[in-house]
Amino acid sequence: MQVHNFEKVWLGAALLLIVGFIATISYGTVGAGVAMVDDSGGQIDPQAVQSGETGTTFDDPGIVKENESHYVVYVVAQQFQFVPGSGDNPIRVPANTLVTFKVTSADVLHGFAITETNINTMVIPGQVAEVTARFDETGTYGLVCHEYCGAGHHTMGGSVEVVPESQYNATEVTN
Amino acid sequence: MVFVDEYPKTSKLVRSEFVVAFVALGIGALFGIVQALHRTGLFRGFVSSADYYTLLTGHGVLLALVFTTFFIAGLFAWGVANSLERELPQRTAWTAFWLMLTGTVLAAVAILGGVFGAPSVFGHDLEADVLFTFYAPMKAHPAFYVGAALIIVGSWIAGLAYFQSLWAWRSEHPDERIPLKTFMIVTTMLMWYISTIGVAVEVVVFLIPWSLGLISQVDPLLTRTLFWYFGHPVVYFWLMPAYLVWYTILPKLAGGRLFSDPLARVVFVLFLLLSTPVGFHHQYVDPGIPEGFKFIAMTNTMFLLLPSLLTAFTVVASVEHGARQRGGEGYFGWLRSLPWDDPAFSGCMLAGLMFAAGGFSGMINAGMNINYLIHNTLWVPGHFHLTVGTAFALTAMAISYWLVPQITGKKLQRRSVAIAQPYVWFVGMALMSNAMHRAGLAGIPRRTAEPTYDEFAFEGLVGTVAEMRLQIAIGGLLLFVAAVMFLAVMAETWLAHRGGRLSVNSDFPAPLSGAEHSPRILDNYKLWTAIALVLIVIAYGPPLAAMLADGITVPGSPPIPV
């Protein structure tokens, strides 16, 4: 098969680009520690989430203190709100502390993204999405449902308030 | 000889496929402009925000599924008849057409029912506001799923007609190489058969019985995974016909000939191998799927860049050769010698240019961890309006200026409108898509009627949100104008009287490096299909087995209305 010399050079450059992309992504995973959303959150019966009978913290979702440096936020996404998160029920977490979000759905697919951060996951009925992060900066962050979930989808937002560690009141923790 | 006189039966088939495609394009474009004005907040008087999603579903289904599939069926019918020099088997081809049309009407009626208050039909609300991804457990009327299934089955039978033609040709030409166009078409269809199995199982085994109440629940992660098993290859089902045009017709329009037949075959074989085992890159941020499977899909996706990068080289080299034949000189000066006033040529070139930009934004999507930044933001539709919305759609419109005269025998009417049309589309898309990409970087989500929230406001990273909205609205308006220009030219050409000699024909010059230089193994479909299947088993076997092992419909969701 005849391959023109220019084409051989182009082919080599293309392969270099591809291998380079894979290398940078591998570095992001192994070196920089960017973990992917995966199956670590486990499964849950979506119909039990709907009726509040899972026997887990999702029946009364909120924030659980694991220890001084780690909080877990349980969120139920449903048509068309995050509980907690939407309206006048923002998620309040301390800065510079590990925060794990565990999110599941009571009905259809939803999205869970916190603006200006890398926190971005699908919320799929039957699965618990688990994302761990640390907020370096205090302030109010937007919370967005980014997957179409029905006629009121565009109203499904919320907020996350990150407060200084010293001001974080453990009594706000619901469990 | 004009194609319509040489192959009158196939010409009638191509005309029928194109009519459906163009009607879908017109309605889809109308929905598109309503959406662009609505979500940017410039004008919300056409529909309520709840009904926005009905139009959004219609826009996606009519443009991404109906316009594409029917146009491709027409283009492929022409390509097979032209390169094998025979009429298509009529019974098979028309069976396919009527099945696909029935499916389209069923799905369209189900969707449009949503605008008319979702009346109860056969015991189910007639609506299908589920978007073109129809993720369970959101439920549409059963007619929507049945329609989708008929479109898929119809496309399978359309493919059978190409195979029947190839087999008949093969018995008469046992030792000849498969002509390039037919090679590309058959390779595309093999990829299509392999990948549509996913959506066929999703719809027929799960969603139809579930929507009828025959089974009580489905596993949303499993049905979503089956959808994306099909959902990425489908973009190559759109792209490969555009590549067929760029490889086999565009060089001639540029005044030259294809640079390399062997490389073109290699590119299509690579698509057959790599198009399917990549679907998890649409599920990078899905819970329930281990990271390792996402990594395998990422690696395959990156290698899928290779055939497109090779195409960039071959197409540009072929066009440059054409320009030099026309007297073009210099490193870049040859660009001036190209026929930029031929809408078939300029449309394909502008489509290719935008596809390059879309390719680069696609590399970000494919980058597993950087994808966190833009997943499900407006960046994503910004990306695919460059790929399916321009690389495919503009190429389809451009080549219609060249092909429709040949399947009707009528000269192209309103030539000056046709000459301007690809440039209007290009400018409109440049405005809309760049703003959508930037809005995505600011975190603004896709698929929403009103991207504003009570709890917080978005801030643009590059430019302001108000400026992005304006660009999206103006861009959308220009795209709608371009679609109307195209349809007006087509309608006038169609209704014109025959007369005079056509300036276009379906005779093609031989490639610079012909099929005789390409190894025969490239035409070994059994080998490539087998390797493609092995790659799919590696990518999909373990995760699908894990999803099925805990019960096929567990964890399960009942149907939930929108």
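Residues numbered from 1 in each chain as written. Chains lettered and ligands numbered in written order. Predicted model: local features only at pLDDT ≥ 70, side-chain atom pairs only at ≥ 80, totals over all residues. Heavy atoms only, no water.

You'll find chain B entered in an unreviewed UniProt entry as B(O/a)3-type cytochrome-c oxidase subunit 1, with Haloarcula rubra given as the organism. A UniProt comment under Sequence similarities (unreviewed entry) is attached to chain B, and it reads "Belongs to the heme-copper respiratory oxidase family." (UniProt positions renumbered as here; feature names shortened; annotations may be inferred.)

For chain A, an unreviewed UniProt entry supplies the name Cytochrome c oxidase subunit II and the organism Haloarcula rubra. Heading Subcellular location (unreviewed entry) of the UniProt record for chain A holds this comment: "Cell envelope".

1. Quick word on the overall build of chain B
In terms of helices and strands, chain B carries 17 helices and 2 strands. For chain B, the spread of C-alpha atoms along the three principal axes comes to 60 × 50 × 45 Å. Residue burial in chain B is summarised as follows: out of 562 residues, 64% are buried. For chain B, long-range pairs separated by at least 24 residues make up 83% of all intrachain contacts whose partners lie at least 6 apart in sequence. As displayed, chain B has an accessible area near 19300 Å², and 68% of this comes from carbon and sulfur atoms. (Helix = DSSP H or I, 4+ residues; strand = E, 2+ residues; numbered from the N terminus. Buried < 20%, exposed > 50% of the residue type's maximum accessible area, 1.4 Å probe, protein only. Contact = heavy atoms within 4.5 Å. Areas by Shrake-Rupley, 256 points an atom, 1.4 Å probe, with all protein chains shown as cover.)

2. Considerations on the sheet that holds strand 4 (residues 91-94) of chain A
Residues and elements named next belong to chain A. Sheet architecture is open: 5 strands sit in the order 4-10-9-6-7, paired in mixed fashion. The sheet terminates laterally at strand 4 and strand 7 (120-123), the two strands that pair on one side only. Pairs of neighbouring strands in the sheet enclose a mean axial angle of 25°, with direction left out of account. Where strand 9 (residues 139-144) and strand 10 (residues 157-163) come together, 6 bridges link them in antiparallel fashion. Within strand 10, the position partnered with Gly139 by the bridge is Val162. (Pairing = 2+ DSSP bridges. Axes fitted to C-alpha atoms, helices over the stretch in contact; angles between N-to-C directions.)

3. Some points on the environment of Trp228 of chain B
All names here are of chain B. Looking at the element boundaries, Trp228 is found in helix 7 (residues 220-231). Note on Trp228: relative accessible area 11%, which makes it buried. Ignoring anything within four residues of it in the chain, the contact list for Trp228 reads Thr133, Tyr135, Pro233, Gly279, His282, Gln283 and Tyr540. Side-chain polar atoms of Trp228 contact the side chain of Tyr135, separated by 3.1 Å. (Polar contact = N/O pair within 3.5 Å; in protein donor to acceptor, adjacent residues only side chain to side chain.)

4. A look at the domain arrangement of chain A
It is common to give the size of an interface as the accessible area lost on bringing the parts into contact. Under the domain assignment, chain A is made up of domain 1 (1-34) and domain 2 (46-172). Each of domain 1 of chain A and domain 2 of chain A has a C-alpha centre, and these two points are 38 Å apart. (Domains from an automatic or database assignment.)

5. Some details on empty space enclosed by the protein
Summary: where empty space remains is shown by rolling a probe the size of a single water molecule over the atoms. Residue and element names in this part refer to chain B. As enumerated under the stated definition, the model contains 6 cavities of 30 Å³ or more in all. Approximately 90 Å³ is the volume attributed to the largest cavity. Lining the largest cavity, in full, are Arg39, Thr40, Leu378, Ala439, Ile444, Pro451, Val465, Met468, Arg469 and Ile472. Among the elements that take part in the lining of the largest cavity, helix 16 (residues 465-495) stands out by supplying 4 residues, more than any other. Looking at side-chain class alone, the lining of the largest cavity contains 7 nonpolar, 1 polar and 2 charged residues. Put simply, the second largest cavity is a space of about 70 Å³. Looking at the lining of the second largest cavity residue by residue, the class counts come to 8 nonpolar, 1 polar and 2 charged. (1 Å grid on protein atoms, 1.4 Å probe; cavity = no way out; pocket = protein on both sides within 12 Å on 5 of 7 lines; lining within 4 Å. Points joined across faces, edges and corners; volume = space filled by probe spheres on them. Nonpolar A, V, L, I, M, F, W, Y, C, P; charged D, E, K, R; others polar.)

6. Considerations on the interface of chain A and chain B
Between chain A and chain B, the contact holds 63 residues from the first and 71 residues from the second. On the chain A side of the contact with chain B, Met36, Tyr148 and His154 of chain A bury the most area, a combined 14% of that side's loss. Taken together, the links from chain A to chain B amount to 1 salt bridge. Salt-bridge contacts for Glu147 of chain A lead to Arg447 of chain B; the nearest nitrogen and oxygen are separated by 2.9 Å. Applying the counting rule to chain A against chain B returns 21 residue pairs in polar contact (both at pLDDT 80 or more). (Buried area = accessible area lost by both parts, 1.4 Å probe. Salt bridge = Lys/Arg side-chain N within 4 Å of Asp/Glu carboxyl O.)

7. A short note on the pattern of salt bridges
Residues and elements named next belong to chain B. Tallied over the entire structure, the rule returns 13 salt bridges over all chains. One salt bridge in this structure joins Asp286 and Arg224, with 2.6 Å as the shortest N-O distance. Taken together, the residues Asp286 in the loop between helix 10 (261-274) and helix 11 (291-303) and Arg224 in helix 7 connect sequence positions 62 residues apart. Across this residue pair, the class does not change: Asp286 and Arg224 are buried. Measuring nitrogen to oxygen at the nearest pair gives 3.2 Å for the salt bridge that ties Arg265 to Asp523. In this pair, Arg265 is assigned in helix 10 and Asp523 in the loop between helix 16 and helix 17 (525-549), connecting sequence segments 258 residues apart. For the pair Arg265 and Asp523, one class covers both residues: buried.

8. Details of the UniProt feature "domain: Cytochrome oxidase subunit I profile" (unreviewed entry) in chain B
UniProt feature "domain: Cytochrome oxidase subunit I profile" (unreviewed entry): in the numbering of this structure it lies at residues 18-522 of chain B. Taken end to end, residues 18-522 of chain B is 67% helix and 1% strand, and its first and last C-alpha atoms sit 32 Å apart.

9. Thoughts on the side chain of Thr40 of chain B
Residue and element names in this part refer to chain B. Take Thr40: it is sitting in the loop between helix 2 (8-39) and helix 3 (49-84). There is a polar contact of 2.6 Å between the side chain of Thr40 and the backbone oxygen of Ala36. For Thr40, the side chain forms a polar contact with the main-chain oxygen of Leu37, separated by 3.3 Å. In this view, Thr40 contacts Arg469, Ile472 and Ala473; residues no more than four positions away in its chain are not counted.

10. A short note on the layout of surface pockets
Residue and element names in this part refer to chain B. The volume enclosed by the second largest pocket comes to roughly 780 Å³. Forming the boundary of the second largest pocket are 35 residues, of which Asn82, Ser83, Pro179, Lys181 and Phe508 lie nearest the centre. Elements supplying a minimum of two residues to the lining of the second largest pocket: helix 1 (3-6), helix 3, helix 5 (142-172), helix 6 (180-211), helix 8 (233-248), helix 9 (250-253) and helix 10. The dominant element in the lining of the second largest pocket, judged by the number of residues it contributes, is helix 3, at 3 residues. Here the lining of the second largest pocket is built from residues that sort into 15 nonpolar, 7 polar and 13 charged.

11. Observations concerning the nonpolar core
Counting residues in hydrophobic clusters, the biggest one holds 236 residues, and the most contacted among them are Phe101 and Phe112 of chain A together with Phe67, Phe71, Phe144 and Trp246 of chain B. Sort the elements by how many residues they give to this core and helix 3 of chain B lands first, with 21 residues. Split by domain, the residues of this core number at least three in each of domain 1 (1-34) and domain 2 (46-172) of chain A. Not counting residues within four places of it along the chain, the set of residues in contact with Phe112 of chain A comprises Val75, Phe82, Phe101, Val103, Ile119, Asn120, Thr121, Val123, Leu143, Val144 and His146 of chain A. (Core = buried A, V, L, I, M, F, W, Y, C linked by side-chain atoms within 4.5 Å.)

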